[in-house]
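# Analysis of the macromolecular model
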Amino acid sequence: MERKEKILEVKDLVVKFRLRGEILTAIRKASLDVYKGESLAIVGESGSGKSVFTKSFMGLLDKNGFIDGGKIKYMEKDLSTYKKEKDWIKIRGKEIAMVFQEPMTSLNPLKTVGKQIKETIELHRDIRGKSSKEEAIKILEDVGISKASMRYDSYPHEFSGGMRQRVVIAIAIACNPKILICDEPTTALDVTIQAQILNLLKRLKKKYNLTTIYITHDLGVVANVADRVAVMYAGDIVEIGKAEEVFYNPKHPYTWALLSSLPQLGKKGEALYSIEGTPPNLFEEIKGDAFAPRNPRALNIDFVKKPPYFSISPTHKAKTWLLDPKAPLVEPPEGIKNLNKYFGGKRDE
Amino acid sequence: MNRNPILEVKDLEVEFGKGKNRFKAVDGVSFNIYKGETFGLVGESGSGKTTIGRAIIRLNEVSNGEIIFEGEDISGKLSREKERNVKKNIQMIFQDPMASLNERAKVDYIISEGLLNLNKKKSKKEINKEVHNALLNVGLLPEFASRFPHEFSGGQRQRIGIARSLIMEPKFIIADEPISALDVSIRAQVLNLLLELQKRKKLTYLFIAHDLSVVKFITDRVAVIYKGKIVEMAPTEKLFKNPLHPYTISLISAIPLPDPIREKNKRLKIYDSKIHNYIENPPKWIEIEPEHFVLANEMEITKYRKRLK
Ligand SMILES: Nc1ncnc2c1ncn2[C@@H]1O[C@H](COP(=O)(O)OP(=O)(O)OP(=O)(O)O)[C@@H](O)[C@H]1O
Ligand SMILES: Nc1ncnc2c1ncn2[C@@H]1O[C@H](COP(=O)(O)OP(=O)(O)OP(=O)(O)O)[C@@H](O)[C@H]1O
Ligand SMILES: [Mg+2]
Ligand SMILES: [Mg+2]
């Protein structure tokens, strides 16, 4: 990313949920700049807030959820102040679109796939009738459905899982969004189809000059698609940097733990590394570094004071006291040093 | 390794649909699983993996072939006694933890259901004790027994599914994508649990998964299935070192590795079944090197032999 133009600027965002008279804080003052045309991946433990964070950019929080501070700046507008559906309609789909994990739940089983794409086009763009049908067929071809004009009249259940996911992507790009958020886009698919879908997304990104945000548990997928990686823990982004920086030179102890759990690093017959303990209780206020109770290398200050970001490079920063100039030198675990050497050239293509 | 097969699947066929829509989801599949080993089944979506698992636990009807468990055919109609024996000894951990747990039942009922159906004579107290132990066994707190499934995270729900299988003290477990919805750390926990239980209780696993990095780590032998047919089978090390069938090669080349530089330079090898010339020259299932089997015709066999040298 040489020329950096911000397309989305999230600042100190707080998102909360009301649950049986109690308040749960899902996002705790998270900030994130997204640059035009980049591909960003958000990774982190289950329940760390990845989906909630990105849903808040589209007004898709569940009814019991609300924004309780911070800003979401998109094209001179602050989306965090949006309340009415009428306002969100202008953003959702048209400016920011989302591809969800389960293709079956985001498609209508009773309508042909062609019709579903056509309707989306007509909802957001000024074309109707024959030309919107032609446009829909063009998009189906674009996402790699062969014999698109024939397949236009098929129902979702007549497609395989991989093809359905292509249709979901077709609907998402049908209204020319600027930002495409993909939440676990390939989890239910086998590796060969997964690879094809990822290639498709990369090709569409180039063609339509999309900015893409991926959410996934699969660090192999992250390595494949992402220019930058944001690591989320307990509702905050604890480390962010270029993909190479985060994989080859991780700095936050949570990122270390995450990488250490990779099955690729396991030795046959021995237990895999897994993170001890449980994530913090989000109903309670978190003191200090949220990961400290599970971090065998935690410093005293970690339990007292929340660390700020420390920069490692102009593009790489992490929220950990280990980076404070006064901190003792703590080395990352052996297993994840030199991840690049570990995999590089290990198997020839 | 002890080479007694606990399960033998012979020429298994499973068909679905009626009339002209009838099709073979599983088409002449054969393999043995030896006592104490972990046997992996990998292949594309819709290739028949779950169907094979369901046929073994007698949820899918077998249209042809045999399934032999501990020396006895269990594929057709069975006496009550034998049916019960199969239910107790073979358990399946289902693909989708969200969908496979009864939302309205509490955890203790979910876990003990199989046990209650099997043995009506057990006292409430005995059952409670077993549920308590089953929960501890999978790293959950006994207090969880009185909660509902939706109050748990994905990883915890998956472990409830595992506890429900383990309480039956089976000899053989079919684990169908037991970890796909989990984050890497919880995934590691569940895999560790399966390995530990295998050591402690001498369990045998049939492990179905999309994630080949996990398959490589956990299985002893692997079969690769494509459109209802096994195309290659070998000890895990051998298969990953010398994949021969083009579908296996494409699967392995597609595994995403957590290495950004490598991933960004990778080229996909897409498998196209039309490359085989099987009409003139039909394939055979052969043992091309010790314990390494592949489906190939004469020309391909010659080619693969050369490659193995
Ligand atoms: N409607 C809701 N009501 C109450 N709590 C909620 C609601 N939606 C989400 N949460 C909570 O907010 C937190 C963040 O959830 P989120 O879905 O963003 O996690 P995630 O990082 O996407 O996890 P996963 O990887 O499992 O999808 C979780 O603790 C979750 O339980
Ligand atoms: N009850 C059923 N009735 C009709 N067709 C079925 C039934 N169950 C499975 N099939 C079909 O049989 C084929 C094999 O399905 P199966 O679920 O075994 O695939 P799989 O290999 O487990 O795929 P995945 O990796 O997506 O789980 C598919 O074409 C599927 O649509
Ligand atoms: Mg999520
Ligand atoms: Mg399946």
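Residues numbered from 1 in each chain as written. Chains lettered and ligands numbered in written order. Predicted model: local features only at pLDDT ≥ 70, side-chain atom pairs only at ≥ 80, totals over all residues. Heavy atoms only, no water.

An unreviewed UniProt entry annotates chain B as Oligopeptide transport ATP-binding protein OppF of Tissierella creatinophila DSM 6911. Turning to chain B, the UniProt annotation filed under Sequence similarities (unreviewed entry) states: "Belongs to the ABC transporter superfamily." (UniProt positions renumbered as here; feature names shortened; annotations may be inferred.)

An unreviewed UniProt entry lists chain A under the name Oligopeptide transport ATP-binding protein OppD, with Tissierella creatinophila DSM 6911 as the source organism. Chain A has a UniProt comment under Sequence similarities (unreviewed entry) that states "Belongs to the ABC transporter superfamily." According to the UniProt record, the Subcellular location (unreviewed entry) comment for chain A is "Cell membrane".

## Observations concerning the environment of tyrosine 273 of chain A
Position of tyrosine 273 of chain A relative to the elements: it lies in the loop between helix 11 (253-260) and strand 12 (310-313). The spatial distance from the C-alpha of tyrosine 273 of chain A to the C-alpha of leucine 262 of chain A is 7.9 Å, given a sequence separation of eleven residues. Once residues within four sequence positions are removed from consideration, tyrosine 273 of chain A is found in contact with Ala257, Ser260 and Ser261 of chain A together with Ala188 of chain B. (Helix = DSSP H or I, 4+ residues; strand = E, 2+ residues; numbered from the N terminus. Contact = heavy atoms within 4.5 Å.)

## Concerning the nonpolar core
Residues Leu8, Ile27, Phe53, Phe57, Leu180, Val229 and Phe247 of chain A are the most contacted members of the largest nonpolar core, which totals 104 residues. No other element matches the seven residues that helix 7 (residues 161-173) of chain A contributes to this core. Two domains each donate at least three residues to this core, and these are domain 1 (6-226) and domain 2 (232-346) of chain A. Residues in contact with leucine 8 of chain A, not counting those within four places in the same chain, are Leu32, Asp33, Val34, Phe57, Ile72, Lys73, Tyr74 and Ile179 of chain A. Ranked by size, the runner-up nonpolar core spans 62 residues in total, among them Ile127, Ile162, Val190 and Leu195 of chain B. (Core = buried A, V, L, I, M, F, W, Y, C linked by side-chain atoms within 4.5 Å. Buried < 20%, exposed > 50% of the residue type's maximum accessible area, 1.4 Å probe, protein only. Domains from an automatic or database assignment.)

## Describing the sheet that holds strand 9 (residues 211-215) of chain A
By way of backbone hydrogen bonds, the strands of a sheet pair with one another, either parallel or antiparallel. All names here are of chain A. Across the sheet, which stays open at both edges, the eight strands sit in the order 7-8-9-3-10-11-13-12 with mixed pairing between neighbours. The open sheet has two edge strands with one neighbour each: strand 7 (96-99) and strand 12. Each neighbouring strand pair of the sheet contributes to a mean axis angle of 20°, computed without reference to strand direction. Of the pairings in the sheet, the one linking strand 12 to strand 13 (residues 316-318) comprises three bridges and is antiparallel in character. Residue pairing in the sheet places serine 313 in a bridge with histidine 316 of strand 13. Against the sheet, helix 11 touches strand 3 (39-44), strand 10 (228-233) and strand 11 (236-242), its axis set at about 100° to strand 10. (Pairing = 2+ DSSP bridges. Axes fitted to C-alpha atoms, helices over the stretch in contact; angles between N-to-C directions.)

## Quick notes on the environment of leucine 110 of chain A
Its location among the elements puts leucine 110 of chain A in the loop between helix 3 (103-106) and helix 4 (113-124). Taking relative accessible area as the criterion, leucine 110 of chain A reaches 71% and is therefore assigned exposed.

## Digging into the site of ligand 1
All names here are of chain A. Neighbouring ligand 1 are 16 residues; Ser46, Gly47, Lys50, Ser51 and Asp62 lie closest to it. Glycine 49 places a main-chain nitrogen or oxygen 2.9 Å from an oxygen atom of ligand 1. Valine 52 is positioned such that a nitrogen or oxygen atom in its backbone is 2.8 Å from an oxygen atom of ligand 1. For ligand 1, the accessible surface in isolation is 640 Å², of which the surrounding protein chains cover 71%. Among the elements that make up the shell around ligand 1, the one with the highest residue count is helix 1 (residues 50-55) (three residues). Looking at the shell around ligand 1 residue by residue, the classes come out as six nonpolar, seven polar and three charged. (Near = heavy atom within 4 Å. Polar contact = N/O pair within 3.5 Å; in protein donor to acceptor, adjacent residues only side chain to side chain. Areas by Shrake-Rupley, 256 points an atom, 1.4 Å probe, with all protein chains shown as cover. Nonpolar A, V, L, I, M, F, W, Y, C, P; charged D, E, K, R; others polar.)

## Re helix 7 (residues 184-201) of chain B
Every α-helix carries 3.6 residues per turn, so stepping three or four residues along brings you back to the same face. Residues and elements named next belong to chain B. In a regular helix each residue adds 1.5 Å, so 18 residues correspond to 26 Å; helix 7 covers 25 Å between its end C-alpha atoms and thus fits that length. The element helix 7 is extensively covered by neighbouring structure, given that 13 of its 18 residues are classed as buried. Looking one or two places after helix 7, you find lysine 202, whose phi comes out positive at around 55°. (Expected span 1.5 Å × (residues − 1).)

## Quick word on the domain arrangement of chain A
Residue and element names in this part refer to chain A. Taken domain by domain, chain A consists of domain 1 (6-226) and domain 2 (232-346). At the junction of the two partners, domain 1 supplies 26 residues and domain 2 supplies 22 residues. Of the roughly 1,900 Å² buried where domain 1 meets domain 2, counting both sides, 61% is carbon and sulfur surface. On the domain 1 side of the contact with domain 2, Arg28, Glu45 and Leu219 bury the most area, a combined 38% of that side's loss. (Buried area = accessible area lost by both parts, 1.4 Å probe.)

## A closer look at the side chain of aspartate 289 of chain A
Counting through the fold element by element, aspartate 289 of chain A comes out in the loop between helix 11 and strand 12. Here the side chain of aspartate 289 of chain A touches phenylalanine 291 of chain A through a polar contact of 2.8 Å, landing on its backbone nitrogen.

## Some points on the packing of helix 4 (residues 107-118) of chain B against helix 5 (residues 124-137) of chain B
Residues and elements named next belong to chain B. Closest axis-to-axis distance for the helix 4/helix 5 pair is 10 Å, and the angle between their directions is 115°. Between helix 4 and helix 5, the angle falls in the class roughly perpendicular. Here helix 4 runs over helix 5; the crossing is right-handed. Only Ile127, Glu130, Val131, Ala134 and Leu135 of helix 5 make contact with helix 4, whose side of the interface consists of Val107, Asp108, Ile111, Ser112, Leu115 and Leu116. Its residues placed into classes, the contact of helix 4 with helix 5 shows eight nonpolar, one polar and two charged. (Parallel < 35°, antiparallel > 145°, perpendicular 65-115°, else oblique. Left-handed = near helix turned anticlockwise from the far one by under 90°.)

## Overview of the sheet that holds strand 9 (residues 221-226) of chain B
Residue and element names in this part refer to chain B. The eight strands lie next to each other as 6-7-8-3-9-10-12-11, forming an open sheet whose pairing is mixed. On the outer flanks of this sheet lie strand 6 (90-93) and strand 11 (284-289), each paired with one strand and no other. Adjacent strand axes in the sheet meet at a mean angle of 20°, parallel and antiparallel pairs treated alike. Here four bridges tie strand 3 (residues 38-43) to strand 8 (residues 204-208), and the two strands are oriented parallel to one another. Its bridge partner being in strand 8, threonine 38 is matched across the sheet by tyrosine 205. Its contacts with the sheet place helix 12 (residues 298-308) against strand 11 and strand 12 (292-296), and it is angled at close to 15° to strand 11.

## Thoughts on the packing of aromatic side chains
Across all of its chains, the model carries 13 aromatic pairs over all chains by this definition. Ring centres of phenylalanine 310 of chain A and tryptophan 321 of chain A lie 5.9 Å apart, and the angle between their planes is 65°; this geometry places the pair in the edge-to-face category. Note that phenylalanine 310 of chain A is positioned in strand 12 and tryptophan 321 of chain A in the loop between strand 13 and helix 12 (339-343), a separation of eleven residues in sequence. The pair phenylalanine 310 of chain A / tryptophan 321 of chain A is uniform in exposure class, with both members buried. Ring centres of tyrosine 226 of chain B and tyrosine 271 of chain B lie 5.0 Å apart, and the angle between their planes is 80°; on these two criteria the pair is classed as edge-to-face. Separated by 45 residues along the polypeptide, tyrosine 226 of chain B in strand 9 and tyrosine 271 of chain B in the loop between helix 11 (260-264) and strand 11 bring together distant segments of the chain. Its relative accessible area of 14% is what places tyrosine 226 of chain B among the buried residues. Within the aromatic cluster, the residues linked to one another by ring pairs are Tyr233, Tyr254 and Phe291 of chain A. (Phe/Tyr/Trp six-rings, centres within 6.5 Å; stacked < 30°, edge-to-face > 60°.)

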